[in-house]
Every structure is written in structure tokens, then in C-alpha cells.
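Now for the letters of each chain:
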Amino acid sequence: MTFSFSTRNPERPYSMFCDQTFAQHIAYFDERTPDHYELPTVQEERRNLEDAKSIVALFPEVAEDLARSYGGKVKYFGNVVNIDLPPEKPDAALAAKRAVNEIVFIGSRKYKAGLERLAEAIEILNKGLFPGLTVNVIGMRRTDMPSAPANMVFHGYLDKGKPKELRRYTDILQRARLFVNPNPKWAAFSASCEALFLYTPVVLFSYPEFERTFGDVNRLGVGLRSTVPQHLAENIAGLMNNDAAWQEKAIAAHEATARMTWAGFTEQFMNDLGG
């Protein structure tokens, strides 16, 4: 379940499953080529991928890029929602969200620039666009941003492997009216899938892998076009104040992720191995 290590035993075929290679990560996020110290890892990954019987990528553009080098053994079976909850009925799910004015931001410190942008937008919302809003922040603590507005509640990292923390995580998502992560290159993809599954429209930039997976982000929320906090505040308030549009997007959000189950993914994976 990585591209960085393998058995590389010619007598035992192996399959590799990961989100992206080290070289792809550097090219996309850092916009550069690997340096002298990184090249040995990049080369080791290439040898692992060359010798693999099959390569399963979690994202469509990553899969296409790998297929140009490794051909038909590269597979893409879609993505997966990483929470296991019984399906909610739309009316009950939406009623729980309408009962509160909460949005959620999920991301570790590497997403801090987006949280800072959101904090500025919240200050604008507090002054009149949409006062009385609570922002739940998962993945960071207030010590990471001491100057954040008082209505931003920090929960730190929540471990979904621990029942109590999983319950808090899902409770926050089930109450959230919107999932907001205004980082242009990447917006916590897995967390956004979990939010969508729980009827939560998204407010984010339409980065390539999200768009290739789900299509137009505006069908499932709001696609941001500017990093200006005022514009972010207006987008949040606009969707919070338009219940009909919000409900349509919330239902579309769940429908877009309803089939993204580990059961379906592993069935495709095992059928491919058997073939």
C-alpha cells in the first residue's frame, strides 16, 4: 500500500496501491523536479512500479500519468469514503443540519494558509453577512492560530480509529451545513468525500482530481475563483442564505459518493487480481 517499498521478488508477483508517487507529489505541490537527495527515492519507486504485476491508483489523473510509463497494468477503480455509517434518510439528515448554523474545516497544519483565509472571511461574516455562525476546525488546535475568531472551535486531530473520536468527527460532519477548505491546490480530498457522503455541500477550489472524480464542483457546492477573504465570505453567506439551492446541492453531494464504498472497491481490486 505504497509505491516506495515492495518485495521485488520475481517469484512472487505483487500489486501496488497508493495515491501518488513521490515524483508526482513534488511536481504538483512543489512545482519542481526532484533534487539530488530525493532522486534515489524516485528511482527506487520507478523500479518498484516497473516490476509490479499491477498498479492501482486512487485518482484518475495520477492513473493516466502512470499509464503513460507503465501501460495497461495501471488501474483506477474510483475513490472511497472512509467512514462506515448506515445510510441516512435525506429529510432527517438535512433537518439536523438546518437546526444549527455550523460549517466545518478539516485539515492539518499543511492547510494552515486556507484556514487563515477562512478566519479572515469569518471576521467579515461576523460583522453582518452571516453572524451567529460556528466554525468547527478539525486537524488543528487554537495554539496553531491564537488570533482566530472566538466562534472558530478547534478540535485538534480526531483519530477515527478511536470510537469516541470517530463519534465526535461524524457528529460534527452530520451537523455541518458546509465543508469549507479554501486551499487552491488540494482541499483534503478524503475529508471532503466524507462530508459529501453526509449531505454536506463543499466550498473549495475545483482542483483537477476533484473535478475529474465528481465533475463540476458547483453541482455539489461552490467552486471558488478567488483567494480574497471577502469573496469567500460572500460565497459562504450566499449558500447559507439560499435554502433551496443548499438542499439541492446537499442531496447531490450524497448521491455523488453513495457508491464509493470499500466493499465495492475491494471487489474490483480482487476481481482484477484474479484475472
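Above this text you will find the structure in question.
Residues numbered from 1 in each chain as written. Predicted model: local features only at pLDDT ≥ 70, side-chain atom pairs only at ≥ 80, totals over all residues. Heavy atoms only, no water.

Quick notes on the pairing of strand 5 (residues 134-138)
- The buried fraction of strand 5 amounts to 4 of the 5 residues, a majority that puts the element mostly inside the structure.
- Of the pairings in the sheet, the one linking strand 4 (residues 102-106) to strand 5 comprises 5 bridges and is parallel in character. Considered in strand 5, the bridge of F105 is made with V137.
- Running through helix 5 (residues 112-129), the crossover from strand 4 to the neighbouring parallel element strand 5 is right-handed.
- Summarising the sheet, strand 5 and strand 6 (residues 152-156) pair through 4 bridges and their orientation is parallel. Bridge pairing in strand 6 places I138 opposite G156. (Buried < 20%, exposed > 50% of the residue type's maximum accessible area, 1.4 Å probe, protein only. Helix = DSSP H or I, 4+ residues; strand = E, 2+ residues; numbered from the N terminus. Pairing = 2+ DSSP bridges. Right-handed = clockwise from strand over helix to strand, strands pointing away.)

Observations concerning the side chain of K73
- Assignment of secondary structure puts K73 in the loop between helix 3 (60-70) and strand 3 (74-76).
- Salt bridges are absent for the buried K73, whose nearest opposite-charge side chain, D51, sits at 6.7 Å.
- Reaching out from K73, the side chain makes a polar contact with the backbone oxygen of L49 at a distance of 2.8 Å.
- Separated by 2.8 Å, the side chain of K73 and the backbone oxygen of E50 make a polar contact.
- Filtering out sequence-adjacent residues up to four positions away, K73 remains in contact with L49, E50, D51, A52, K53, S54 and I55. (Lys, Arg positive; Asp, Glu negative; His and termini not counted. Salt bridge = Lys/Arg side-chain N within 4 Å of Asp/Glu carboxyl O. Polar contact = N/O pair within 3.5 Å; in protein donor to acceptor, adjacent residues only side chain to side chain. Contact = heavy atoms within 4.5 Å.)

Some thoughts on the sheet that holds strand 2 (residues 54-57)
- What the 3 strands build is an open sheet, ordered 1-2-3; its pairing is parallel. With partners counted over all chains shown, the strands left at the sheet margins are strand 1 (15-18) and strand 3, one partner each. Between one strand and the next, the sheet's axes are offset by a mean angle of 20°, whatever the strand orientation.
- Alignment of strand 2 against strand 3, held across 3 bridges, turns out to be parallel. Bridged to A57 within strand 3 is Y76. (Axes fitted to C-alpha atoms, helices over the stretch in contact; angles between N-to-C directions.)

Details of the sheet that holds strand 7 (residues 178-181)
- Spatially, 6-5-4-7-8-9 is the arrangement adopted by the 6 strands of the open sheet, whose pairing is parallel. Since the sheet does not close on itself, it has two edges, and those belong to strand 6 and strand 9 (221-224), each with one partner. Here the average twist between neighbouring strands, direction ignored, is 25°.
- Inspection of the sheet shows strand 4 paired to strand 7 by 2 bridges, in the parallel sense. Bridge pairing links I103 to L178 in strand 7.
- Contacts from helix 5 reach strand 4, strand 5, strand 6 and strand 7, with the element oriented near 160° to strand 4.
- Packing of helix 6 (residues 163-175) onto the sheet brings it into contact with strand 4, strand 5 and strand 6, and relative to strand 4 it is tilted by some 130°.

Topic: the nonpolar core
- Core analysis: the largest hydrophobic core is formed by 88 residues, its most contacted members being I103, L118, F210 and I236.
- Those residues in contact with I236, other than ones at most four positions away along the chain, are I103, L118, L125, L133, L178 and V180. (Core = buried A, V, L, I, M, F, W, Y, C linked by side-chain atoms within 4.5 Å.)

Quick look at the pattern of salt bridges
- Under the counting rule described, the total for this entry stands at 13 salt bridges.
- Residue D272 is joined to K75 by a salt bridge in which the shortest nitrogen-to-oxygen separation is 2.6 Å. In this pair, D272 sits in helix 11 (residues 262-274) while K75 sits in strand 3, placing the two residues 197 residues apart along the sequence.
- Of the residues examined, D272 reaches a relative accessible area of 21% and is grouped as partly exposed.
- On the basis of relative accessibility, which here comes to 23%, the residue K75 falls in the partly exposed class.
- Two residues, R175 and E102, come together in a salt bridge whose shortest N-O distance is 3.0 Å.

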